[in-house]
Amino acid sequence: MTAQHEHPDAGQFTPPMRTLAELREALSTWGFPGDRQKFEAELDAIELDDLTRVREITQTYRHRILMRYNPGAMAALARPTKDVEAELRRKLAEAAR
């Protein structure tokens, strides 16, 4: 049995995504526009015997759905580029001291 990691926003909506069929359904219903098509294209482009790559792809798309329903993650994605640049400059200046 594998340990289940506690998501920081426990209690927040999370669609079932334990199987490829559930992940496909979640991408169609809850994913970002075009995610389902990109997921299928990425899977079609690899050998199914490459289990490491299959796992990487499925984890990436599961994460995208989890991120979409995390208010903090969506707020971070919505930040203007100028704000992010200013924060990075400030952090680099602090690190240089």
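The paragraphs below set out a description of the structure included in this document.

The rules behind the values
- Residues numbered from 1 in each chain as written.
- Predicted model: local features only at pLDDT ≥ 70, side-chain atom pairs only at ≥ 80, totals over all residues.
- Heavy atoms only, no water.
- Helix = DSSP H or I, 4+ residues; strand = E, 2+ residues; numbered from the N terminus.
- Buried < 20%, exposed > 50% of the residue type's maximum accessible area, 1.4 Å probe, protein only.
- Contact = heavy atoms within 4.5 Å.
- Arc of directions from axis to C-beta.
- 1 Å grid on protein atoms, 1.4 Å probe; cavity = no way out; pocket = protein on both sides within 12 Å on 5 of 7 lines; lining within 4 Å.
- Points joined across faces, edges and corners; volume = space filled by probe spheres on them.
- Nonpolar A, V, L, I, M, F, W, Y, C, P; charged D, E, K, R; others polar.

### Focus: the side chain of Asp35
As for its position among the elements, Asp35 is in helix 2 (residues 35-44). Overall, Asp35 belongs to the buried group, its relative accessible area being 1%. The residues touching Asp35, leaving out its near neighbours within four places in the chain, are Leu27, Tyr61 and Arg64.

### A short note on helix 1 (residues 20-30)
Of all the residues in helix 1, the buried ones are Leu23, Ala26 and Leu27. Relative to the axis of helix 1, the buried residues are bounded by an arc of 100° and lie together on one face. Away from its buried face by more than 90 degrees, helix 1 exposes Ala21 and Glu25. Looking at the buried side of helix 1, the elements it contacts are helix 2 and helix 3 (51-68).

### Topic: the layout of surface pockets
Empty space within the second largest pocket amounts to approximately 160 Å³. In terms of lining, the second largest pocket is formed by Met17, Arg18, Thr19, Leu20, Leu23, Thr58 and Arg62. For the lining of the second largest pocket, the elements supplying multiple residues, two or more each, are helix 1 and helix 3. Per-class residue counts for the lining of the second largest pocket are three nonpolar, two polar and two charged.

### Brief notes about the environment of Trp30
Relative to the helices and strands, Trp30 resides in helix 1. Linking Trp30 and Arg68, residues 38 residues apart in sequence, is a C-alpha distance of 8.2 Å. In this view, Trp30 contacts Phe13, Pro15, Ile65, Arg68 and Tyr69; residues no more than four positions away in its chain are not counted.

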